[in-house]
Amino acid sequence: MRPFEYARAGEASEAVSLGGRFIAGGTNLLDLMKLQVETPDKLVDITRLPMRDIEATDDGGLRIGALVTNSDLAADKRVRDDYPVLSRALLAGASGQLRNKATTGGNLLQRTRCGYFYETSQPCNKREPGSGCGAIGGFNRIHAILGTSDKCIATHPSDMAVAMQALEASVETLKADGSTRTIPLIEFHRLPGDTPEIETVLEKGELITAVRLPKSLGGTQIYRKVRDRASYAFALVSVAAIVKMKGGEIEWARLAFGGLAHKPWRDTAVEDVLKGQAPSRALFDRAADALLAEAKGHGENDFKIPLARRTLVSVLAEATQGA
Amino acid sequence: MNKHVMDKAIGETRLDRNTQGIIGKGVDRYEGPLKVSGRATYAYENLAGEDVAYGFVVPAPIGRGAIKSVDTSKAESAPGVLAVISGDKILRASSQPMAPAAQTIDGEVFHYNQPLAIVIAESFEAARHASHLVTADYEPKQGRYDVKARETVRKPDAMPMEPVNERGDFEKAFAEAEVQFDETYTTPSYHAAAMEPHASVAKWDGDRLTVWSSCQLLETNVKQIAAGVGLDVSKVRLHSPYIGGGFGSKLGIGPDAVFASLGAMTVGKPVKIALTRQNVFQQTSRRGETVQRVRFGATKEGKITCFAHETDTTNSPGNGFFEPSGISSVFLYPGKDRRIAHTIVETDALMTSAVRAPGEATGMLATESALDELADRLGIDPIDLRRMNEPKVNPQDDTPFSSRMLLECIEEGAGRFGWGDRPQKPGTRREGEWLIGMGMSSASRKNSLMKSSAEIEMSPDGRATVRTSMTDIGTGTYTILQQIAAEMLGLPLDQVDVELGDTALPASSGSGGSWGANSAGSSVFVAAEAMIAELAKRLDVDAETLTLKDGHAIAGNRQIPFSEILKGEAITVLGQIEPGKTDEETHQASYGAHFAEVAVNVVTGETRVRRLLTVGAAGRILNHKTATSQCYGGQIWGIGYALEEELVIDTRNGLMVNHDLAEYHVPVHADVPKLDVVLLEERDTHASPLAGKGIGELAIAGVGAAINNAIYNATGVRVRDYPVTMDKLLSQLPDDYLTAA
Ligand SMILES: Cc1cc2nc3c(=O)[nH]c(=O)nc-3n(C[C@H](O)[C@H](O)[C@H](O)COP(=O)(O)OP(=O)(O)OC[C@H]3O[C@@H](n4cnc5c(N)ncnc54)[C@H](O)[C@@H]3O)c2cc1C
Ligand code: SF4
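Residues numbered from 1 in each chain as written. Chains lettered and ligands numbered in written order. Predicted model: local features only at pLDDT ≥ 70, side-chain atom pairs only at ≥ 80, totals over all residues. Heavy atoms only, no water.

### Digging into the overall build of chain A
Looking only at helices and strands, chain A has twelve helices and eleven strands in total. In terms of overall size, chain A behaves like a compact globule, its C-alpha atoms giving a radius of gyration of 19 Å where 323 residues would be expected to give roughly 20 Å. Considering only C-alpha atoms, chain A reaches an extent of 60 × 50 × 35 Å along its principal axes. Looking at chain A as a whole, 58% of its 323 residues qualify as buried. When contacts within chain A are restricted to residue pairs at least 6 apart in sequence, those whose partners lie at least 24 apart make up 63%. Put simply, chain A has 42 plus and 40 minus side-chain charges, and the middle of one group is 4 Å from the middle of the other. (Helix = DSSP H or I, 4+ residues; strand = E, 2+ residues; numbered from the N terminus. Rg over C-alpha atoms; globule rule 2.2 N^0.38 Å. Buried < 20%, exposed > 50% of the residue type's maximum accessible area, 1.4 Å probe, protein only. Contact = heavy atoms within 4.5 Å. Lys, Arg positive; Asp, Glu negative; His and termini not counted. Charge placed at Lys NZ, Arg CZ, Asp CG, Glu CD.)

In structure tokens:
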């Protein structure tokens, strides 16, 4: 770990003016700093900022402060009642101890678990642009099958963000110059392309202040996480599904996927396949075809292609059951 | 000193009489309150509040090569740094359990992230920071990282067993057999994954060195430290009273023990080193990968006529230790013509050594799956196959078994588990999305009794204190030694204290190979007999006629408190146990059986263990609670072997890819169902004066195979490449995976 400066902010405006790397729960950043994967010169502790509330918004949705912990968010009655997919995704993540520390803002910005990213002596374009990618041709069981590039095949490991993607959340921020903006989550994370080191559209020093959820759309909400052990493991594949049935047909469906890509994946083409159709195995398979049309395995992770298919089909069957 | 050599079977003892009613009882852990309240000092916690320095080990970030030069200047001038040590004395990794010393690096990098140098600084943080400033110039070489490539093969040492055991002519018998079974199984590398990292604190006093370290075998460990520092062993004292798990990885010293000692010598004050989790993975030891070919020749009715179990396993240059996958095969399975053999495939990865049940843990994953496959092919129930093939004497050399309750364990387990309800045809029982199946396996673990000694002091008030250099690695050693002394001496439990983990105390066997309870326990038994003789002498009666209970000696109609017999003078006696003729005249092992029920998700291939039952017979059970806990531990590790554990080494460059506990998966609570353990009543009078045998590792042996066999029964898919992860099942799971609404 490199020596660093430390400052504690009392106000959001102060936090962005201090100029440094924000630290919230620290459950990801500190681990990376210990290994010198991350080497910030200055940490700005934002944990005293008043961003721990979950408030109802005028349009009937929720505004979740950036410092709301994963535990508190999962337990909130409004979330459990109106956005159960989010509660379930949160509770499927990490462990109780981690969720008590992990924050909403930090969870969105957690970095990949790629083993080569974590090992500073290995090539990694994300950690050291231009150095190569250790995972391509290496051990890539947990890596992406969608939206990859020849520079990086890492996944975004979050569960929470997958549910939020299906819920069409947006991210509120405060920039260093004092201006604010709201970024739809779908535009928030980037694909690796030629610059896997740039993971989001955030500017340097831009602070996440809250995440907004639009008014609940109801529907059947499911979060299914497939992993190598029953808990405390990252998703190999996860599916967040919100499905609304009407008269025996799928009125609409919102689907987001974890473990498949560099960002919480959403592809409206998959949803379009389902819209207005009567549920059937054949239909679900067509939805999976649409999802996986461009999927590419890298050896160790080839199984994710059939796994994603089967998981999606099963989730859709469950979501449309009894209709 | 009272010495007992195990030359003949033991007769009735005071333990059988159980006058005090303590032996066997599931009493709570002696040191439990200290541990749960944080007052038990683990190695790194010693010298709290004293002026100490901290060490950090610098890894060499290449797979294999020569070190041309090391540049420590930047690190040396970093804030807080007191010294940087590199060169001759740097160790490659841990030492092998019984080796005189750990290997040094000799100017080379033998495995990825091997120790290169040690930074000593005023704080842990300063040391860690400066560790990144040490650089080196390497001449890289292409390393060998893949067991299957077999680039260099060689013969192992005769440690921990004879590498080749042959009888008759296997190849001929196999060629002539009616049924030929021939399959190959693979197991990956494993890491011990003990909770407490390898950690040491070292302090010099003139030319005398005191080390607190997390170690299992103090008598050899202290020599390994002395050798690493270049000191006479008489000048070194090693303490290891509490250990947060070893699982074999602390049988030899960790490099931290020598590094802390060298550091303390260099900077002139005590030094503390705890390896980081990553460095524990990369710089201590691991279990070798195995490729195991299992062949059975049999009649159509299922009588096994010949048997071969041939294992390739890995180790690094200069290391003769091998994963003895065939250790149980030697005596467990019949066959007049037989061959159990091991070969080392040399690789340039971290040295391999003992991890939780070396041999059985990997070997029985293969052989007990193979038996299940053989039964399936012959259309015989796996239990019937085992009944039909139970040898009467050790098939390797015809020695009689001291005791062998394998079939009793199987029968008991089958009844309790409801084996009769097992789906006859694989892949036919389904509950919603879950395919349900049952499997079983045998368990066995070779018993060993080691030389060990202990002292008992009875103070004038009649309290006893047991002292030995023995360790308690979380197994319950303190407690069972307390119980043995209390039972033998007729003392209430709270009148007996136990001091362990210090080389100044009488030399012990240490903890390893499940021999600890039997060996150290026997030494306490022998010492107690000496104490009884002393008491009898003072009373002028024959020791045999003396009954001891509740701190009183009862002779005829006299009942005298110990304090009265002692007349103000303490008595100290020493006892020693040594293995003897019974070890050669009989074959000794613990036996058991495991039963598993699993549910495999038909959509994803995720497996959940639903029930697990282990029935064991390991001679006298000294404490039912700690023994049962040992078995729970074994069952849980078994779940890991079957489904999760795999240390991944990148075969391109030797990198250990998953070197932390987030990515190296061991079972978590949610993976573990309700566990059942049943221990059968048994006395093995040839095994030790306690008539007990090793138990800890018995419960690991075979569990994973029982689970794998249950997966086959659930799905009809047979996986021979452990762990049985979803990707290996997925392509063969049915396509009609949707559950009808
Ligand atoms: C062993 C382990 C297992 C895990 N398993 C899972 C899992 O199964 N599923 C899952 O989803 N997650 C899992 N996690 C990840 C965990 O959810 C994240 O570490 C956590 O959510 C990060 O939140 P934090 O507040 O601790 O972030 P920090 O570590 O404090 O910060 C993370 C990043 O976000 C930035 N940041 C934080 N807050 C803000 C803000 N308000 N504005 C701008 N930037 C900010 C920081 O600068 C840093 O770059 C696991 C973590 C561990 C260690
Ligand atoms: S996959 Fe991405 S994060 Fe992993 S090594 Fe390649 S570039 Fe780095």
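### Some remarks on the domain arrangement of chain B
Residues and elements named next belong to chain B. Assigned domains of chain B: these are domain 1 (2–40 + 449–584), domain 2 (43–142 + 192–283) and domain 3 (290–447 + 588–740). On the side of domain 3, 28 residues touch domain 2, which itself brings 24 residues to the contact. When domain 2 packs against domain 3, the two sides together hide about 2,000 Å² of surface, and 60% of this comes from carbon and sulfur. Of all residues in domain 2, Gln-96, Tyr-112 and Phe-281 bury the most surface against domain 3, accounting for 31% of the area lost on that side. At the surface where domain 2 touches domain 3, the tally comes to one salt bridge. (Domains from an automatic or database assignment. Buried area = accessible area lost by both parts, 1.4 Å probe. Salt bridge = Lys/Arg side-chain N within 4 Å of Asp/Glu carboxyl O.)

### Section: the environment of Asp398(B)
Residue and element names in this part refer to chain B. Counting through the fold element by element, Asp-398 comes out in the loop between α11 (382–388) and α12 (406–417). Using a relative accessible area of 42% as the deciding quantity, one classes Asp-398 as partly exposed. Along the sequence, Asp-398 and Val-648 sit 250 residues apart, while their C-alpha atoms lie 41 Å from each other. Once residues lying within four places of it in the same chain are set aside, the contact partners of Asp-398 are Arg-167 and Val-393.

### Describing the packing of helix α11 (residues 281–292) of chain A against helix α12 (residues 304–320) of chain A
Residues and elements named next belong to chain A. Direction vectors running N to C along α11 and α12 enclose 140 degrees, while the axes themselves pass 9 Å from each other. Classified by the angle their axes make, α11 and α12 are oblique. Crossing hand, α11 versus α12: right-handed. For the pair α11 and α12, the contacting residues are Arg-281, Phe-284, Asp-285, Ala-287, Ala-288, Asp-289, Leu-291 and Leu-292 in the first and Ile-305, Ala-308, Arg-309, Leu-312, Val-313, Leu-316, Ala-317 and Thr-320 in the second. Classifying every residue of the contact of α11 with α12 by side-chain character gives eleven nonpolar, one polar and four charged. (Axes fitted to C-alpha atoms, helices over the stretch in contact; angles between N-to-C directions. Parallel < 35°, antiparallel > 145°, perpendicular 65-115°, else oblique. Left-handed = near helix turned anticlockwise from the far one by under 90°. Nonpolar A, V, L, I, M, F, W, Y, C, P; charged D, E, K, R; others polar.)

### Points about the interface of chain A and chain B
With 42 residues of chain A in contact, the opposing surface of chain B contributes 42 residues. Summed over both sides, the interface between chain A and chain B buries roughly 3,500 Å², with carbon and sulfur atoms accounting for 54% of that surface. For chain A, the biggest contributors to the area lost against chain B are Arg229(A), Arg281(A) and Arg310(A); these three give 22% of the whole. Where chain A touches chain B, the interface holds four salt bridges. There are 23 residue pairs in polar contact (both at pLDDT 80 or more) connecting chain A and chain B. Looking at the side of chain A that touches chain B, the elements that each hand over two or more residues are β9 (220–226), α11 and α12 of chain A. If you tally residues by element for the side of chain A that touches chain B, the top one is α12(A), at eight residues. (Polar contact = N/O pair within 3.5 Å; in protein donor to acceptor, adjacent residues only side chain to side chain.)

### Focus: the confidence of the model for chain B
Per-residue pLDDT for chain B has a mean of 97; in total, 100% of the residues score no lower than 70. We note a pTM of 0.98 for the whole complex and an ipTM of 0.97 for its interfaces. (pLDDT = per-residue confidence, 0-100.)

### What about the side chain of Ser316(B)?
Residue and element names in this part refer to chain B. Looking at the secondary structure, you find Ser-316 in the loop between β16 (304–315) and α9 (329–332). The class for Ser-316 is buried, based on a relative accessible area of 1%. At a separation of 2.9 Å, a polar atom in the side chain of Ser-316 contacts the side chain of Asn-319. Those residues in contact with Ser-316 that lie beyond four places of it in its chain are Arg-92, Arg-154, Glu-346, Thr-347, Ala-349 and Met-351.

### Overview of the sheet that holds strand β8 (residues 207–213) of chain A
Residues and elements named next belong to chain A. Spatially, five strands are ordered β4-β5-β8-β6-β7 in an open sheet, and the strand pairing comes out antiparallel. Two strands lie at the open edges of the sheet, namely β4 (54–56) and β7 (180–184), each paired on one side alone. Recorded for the sheet is a direction-independent mean angle of 25 degrees between the axes of neighbouring strands. Examined bridge by bridge, β4 and strand β5 (residues 62–65) share three bridges and lie antiparallel to one another. Residue pairing across strands places Glu-55 opposite Arg-63, the latter belonging to β5. (Pairing = 2+ DSSP bridges.)

### Re the site of ligand 2
Taken together, 14 residues surround ligand 2, and among them Cys114(A), Cys124(A), Cys133(A), Cys152(A) and Ile153(A) come closest. Classifying every residue of the shell around ligand 2 gives nine nonpolar, three polar and two charged. (Near = heavy atom within 4 Å.)

### Quick notes on the pattern of salt bridges
All names here are of chain B. Under the counting rule described, the total for this entry stands at 84 salt bridges over all chains. With its nearest N and O atoms 3.0 Å apart, the salt bridge here joins Arg-339 to Glu-166. Here Glu-166 lies in strand β9 (residues 164–167) and Arg-339 lies in strand β17 (residues 337–346), a separation of 173 residues in the sequence. Salt-bridge contacts for Arg-610 lead to Glu-597; the nearest nitrogen and oxygen are separated by 3.1 Å. Taken as a pair, Arg-610 in strand β28 (residues 607–617) and Glu-597 in strand β27 (residues 589–601) lie far apart in primary sequence, 13 residues in all.

### Brief notes about the site of ligand 1
Not every one of the 35 residues close to ligand 1 is listed here, only the nearest: Phe22(A), Gly26(A), Thr27(A), Thr103(A) and Asp159(A). The environment around ligand 1 is built from residues contributed by chains A and B. Within the backbone of Leu29(A), an N or O atom sits 2.8 Å from an oxygen atom of ligand 1. Within the side chain of Gln110(A), one N or O atom sits 3.3 Å away from a nitrogen atom of ligand 1. Protein contact buries 96% of the 970 Å² of open area that ligand 1 shows by itself. Counting only elements with at least two residues in the shell around ligand 1, the list comes to β2 (21–23), α2 (29–34), α7 (104–109) and β8 of chain A. Here the shell around ligand 1 takes four residues from α7(A), the largest share from any one element. Considered class by class, the residues forming the shell around ligand 1 number 17 nonpolar, twelve polar and six charged. (Areas by Shrake-Rupley, 256 points an atom, 1.4 Å probe, with all protein chains shown as cover.)

### Focus: the UniProt feature "domain: Aldehyde oxidase/xanthine dehydrogenase a/b hammerhead" (unreviewed entry) in chain B
Under the UniProt annotation, the feature "domain: Aldehyde oxidase/xanthine dehydrogenase a/b hammerhead" (unreviewed entry) is placed at residues 37–142 of chain B. Here residues 37–142 of chain B is 11% helix and 35% strand, with 50 Å between the C-alpha atoms at its ends. (UniProt positions renumbered as here; feature names shortened; annotations may be inferred.)

### Quick word on the nonpolar core
Counting residues in each nonpolar core, the largest one holds 81 residues, and the members touching the most others are Leu274(A), Leu291(A), Leu312(A) and Ile707(B). A per-element tally of this core places α12(A) first, with eight residues. When we break this core down by domain, the ones giving at least three residues each are domain 2 (43–142 + 192–283) and domain 3 (290–447 + 588–740) of chain B. Apart from residues lying up to four places away in sequence, Leu312(A) is in contact with Val239(A), Leu255(A), Phe257(A), Val270(A), Ala287(A), Ala288(A) and Leu291(A). (Core = buried A, V, L, I, M, F, W, Y, C linked by side-chain atoms within 4.5 Å.)

### Considerations on the pairing of strand β6 (residues 170–174) of chain A
Two faces make up the sheet, and in a regular strand the side chains alternate between them. Residue and element names in this part refer to chain A. Counting buried residues along β6, five of its five residues qualify, which places the element largely inside the surrounding structure. Neither face of β6 is open: one carries Ser-170, Glu-172 and Leu-174, the other Val-171 and Thr-173, and all of them are buried. In this sheet, β7 lies alongside β6 in antiparallel orientation, the contact comprising five bridges. The residue bridging Val-171 from the neighbouring strand is Ile-183, located in β7. Linking β6 back to β7 in an antiparallel pair, the connection comprises five residues, with Gly-178 at a positive phi of about 90 degrees. Across five bridges, β6 lies against β8 in antiparallel orientation. Counted as the bridge partner of Leu-174 is Leu-207 from β8.

### With respect to the packing of aromatic side chains
Residue and element names in this part refer to chain B. With the rule as written, the count across this model stands at 16 aromatic pairs over all chains. Consider the rings of Phe-417 and Phe-595, whose centres lie 5.8 Å apart with planes at 35 degrees: the pair is tilted. Of this pair, Phe-417 sits in helix α12 while Phe-595 sits in strand β27, and the two are 178 residues apart along the sequence. Judged by relative accessible area, which is 0%, Phe-595 ranks as buried. Taking 5.7 Å as the distance between ring centres and 75 degrees as the angle between the ring planes, the aromatic pair formed by Trp-419 and Phe-595 counts as edge-to-face. Here Trp-419, found in the loop between α12 and β18 (430–431), pairs with Phe-595, found in strand β27; they are 176 residues apart in sequence, far enough to count as distant. Three or more aromatic residues joined by ring pairs form one cluster here, namely Tyr-30, Tyr-42, Tyr-242 and Tyr-478. Cation over ring: Arg-404 sits above Phe-401, and NZ or CZ is 4.6 Å from the ring centre. Cation over ring: Arg-718 sits above Tyr-712, and NZ or CZ is 4.5 Å from the ring centre. (Phe/Tyr/Trp six-rings, centres within 6.5 Å; stacked < 30°, edge-to-face > 60°. Lys NZ or Arg CZ within 6 Å of the ring centre and 35° of its normal.)

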